[in-house]
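# An overview of the molecular structure
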Amino acid sequence: MKEIKFGRSPFLFATIVVILTCFVQAKELIHEDQIDDLDAARVKPMEQISEANLRAAESKRAFLDAYTVFMHPRCMNCHPKGDTPFQGDDSHLHSQGVTRGVDGKGVYANKCSNCHQPQTTELEGAHLPPSHPNWHLPPANRKMVFEGKSPRELAASFKDSSFTGFATMERFIDHVEKDPLVQHSFTYGNRPPLSHDVFVARVKEWINKGAVLPDK
Ligand code: HEC
Ligand code: HEC
């Protein structure tokens, strides 16, 4: 019978234990690294998602601010559902049997420009017709209704080129920024709740951050 010699075995045993421990630790290290990677993989898209969420929330908020202007009587009075414009801060129907007409400029002898003079006068406001050379409603074939629309509905309308007649959102921005009628609405009577500059900035922010539709 061959005798098993244990003379070197404590050293051998210790060596094996050290090697095994190394393996186990290395395995654990790899394992931990993998977990880190996994976490990183999980965290990154979540950050991206929440950044996107933030942008969307800011876009909606910007539209809600701009909405207070769109729906203000100085604007909404010319953007009614029906064919009669509104008057005053309570948006009552325009008197004198005024109606839109095909081109938005009134009918027959009852043209907007008969009473709404081209030259701005000192007397503007106080129950006098606001004066502007281009004073009229949107035309019959594209009424551009604001009245009665929720923020979500109005925002959707603005993104619809058949509603605005604008091929791009840049043209839309141009309109709210430079259209003389829009600018004029900030100059008489009870003013809209935002200045024209702030209003334009809000419209731009809404569009630049994705023109996201508000929830309601
Ligand atoms: C005197 C009537 C009148 C007033 C007041 C008026 N608008 Fe308009 N609006 C029009 C007409 C008319 C058009 C059609 C484009 C054109 O012919 O210039 C129009 C078009 C628009 C459009 C582009 C089309 C659309 O509906 O998407 C926007 C946006 C708009 N108006 C915003 C405003 C805002 C904001 C105000 C107030 C700050 C305002 N309007 C006040 C008559 C008016
Ligand atoms: C017969 C004269 C007359 C005609 C025609 C006329 N308007 Fe007026 N309009 C007035 C008067 C007067 C006021 C001011 C009423 C007030 O403040 O009490 C007024 C006010 C308005 C207002 C309210 C403005 C605001 O900011 O509250 C709008 C909008 C308006 N007119 C649109 C029109 C349009 C569009 C036409 C043509 C389709 C038109 N009007 C034709 C006399 C007229």
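This structure is a prediction, so every number in the text was calculated from the model and none was measured.

With that out of the way, let us pick up the overall build of the chain. Summing up its helical and strand segments, the chain has eight helices and four strands in all. The N-to-C order of helical and strand elements in the chain reads α-α-β-β-β-β-α-α-α-α-α-α. The buried share of the chain, taken over its 216 residues, is 16%. Counting only contacts in the chain whose residues sit at least 6 apart along the sequence, the fraction spanning at least 24 positions is 58%.

Bringing the packing of helix α6 (residues 169-178) against helix α8 (residues 196-208) into the picture now. Look at α6 against α8: their axes get within 9 Å of each other, and the N-to-C directions meet at 170 degrees. Viewed along their axes, α6 and α8 adopt a mutual orientation that is roughly antiparallel. Counted together, Met169, Ile173, Val176 and Glu177 of α6 and Val200, Val203, Lys204 and Ile207 of α8 form the full contact between these two elements.

In the vicinity of ligand 2, 25 residues are found, and the nearest of them are Asn77, Pro85, Cys112, Cys115 and Pro129. Secondary-structure elements contributing two or more residues to the shell around ligand 2 are α2 (73-76), β1 (86-87) and α3 (112-115). Of the residues belonging to the shell around ligand 2, the class tally is 11 nonpolar, 12 polar and two charged.

Judged by nonpolar contacts, the single largest core of 16 residues is most densely connected at Phe63, Ala66, Tyr67, Phe70 and Leu154. Elements represented by at least two residues in this core include exactly α1 (9-70), α4 (151-158) and α8. In terms of residue count, the dominant contributor to this core is α1 (six residues). Residues in contact with Tyr67, not counting those within four places in the same chain, are Pro151 and Leu154.

Relative to the elements of secondary structure, His92 occurs in strand β2 (residues 92-93). Among the residues examined, His92 registers 11 C-beta atoms within 10 Å and is labelled exposed. Along the backbone, His92 and Pro73 are 19 residues apart, and their C-alpha atoms lie at a distance of 9.8 Å. In contact with His92, not counting residues within four places along its chain, are Phe86 and Gln87.

Quick look at unusual backbone geometry now. A positive phi angle, near 50 degrees, is found at Ser91, a position not held by glycine. One non-glycine residue with positive phi stands out, namely Gln96, at about 65 degrees. Looking at the element boundaries, Gln96 is found in the loop between β2 and β3 (106-107).

Here α8 contains 13 residues, and its C-alpha end-to-end distance of 18 Å stays within 8% of the 18 Å for a straight helix at 1.5 Å per residue. Those residues of α8 lying buried are Phe199, Arg202, Val203 and Trp206. Taken down its axis, α8 places every buried residue within 95 degrees of arc, on the same side. One or two positions beyond α8, positive phi appears at Gly210, with a value near 110 degrees.

Reading the values: the criteria
- Residues numbered from 1 in each chain as written.
- Chains lettered and ligands numbered in written order.
- Predicted model: local features only at pLDDT ≥ 70, side-chain atom pairs only at ≥ 80, totals over all residues.
- Helix = DSSP H or I, 4+ residues; strand = E, 2+ residues; numbered from the N terminus.
- Buried ≥ 20, exposed ≤ 12 C-beta atoms within 10 Å, placed from the backbone.
- Contact = placed C-beta atoms within 7 Å.
- Axes fitted to C-alpha atoms, helices over the stretch in contact; angles between N-to-C directions.
- Parallel < 35°, antiparallel > 145°, perpendicular 65-115°, else oblique.
- Near = placed C-beta within 6 Å.
- Nonpolar A, V, L, I, M, F, W, Y, C, P; charged D, E, K, R; others polar.
- Core = buried A, V, L, I, M, F, W, Y, C linked by C-beta atoms within 7 Å.
- Expected span 1.5 Å × (residues − 1).
- Arc of directions from axis to C-beta.

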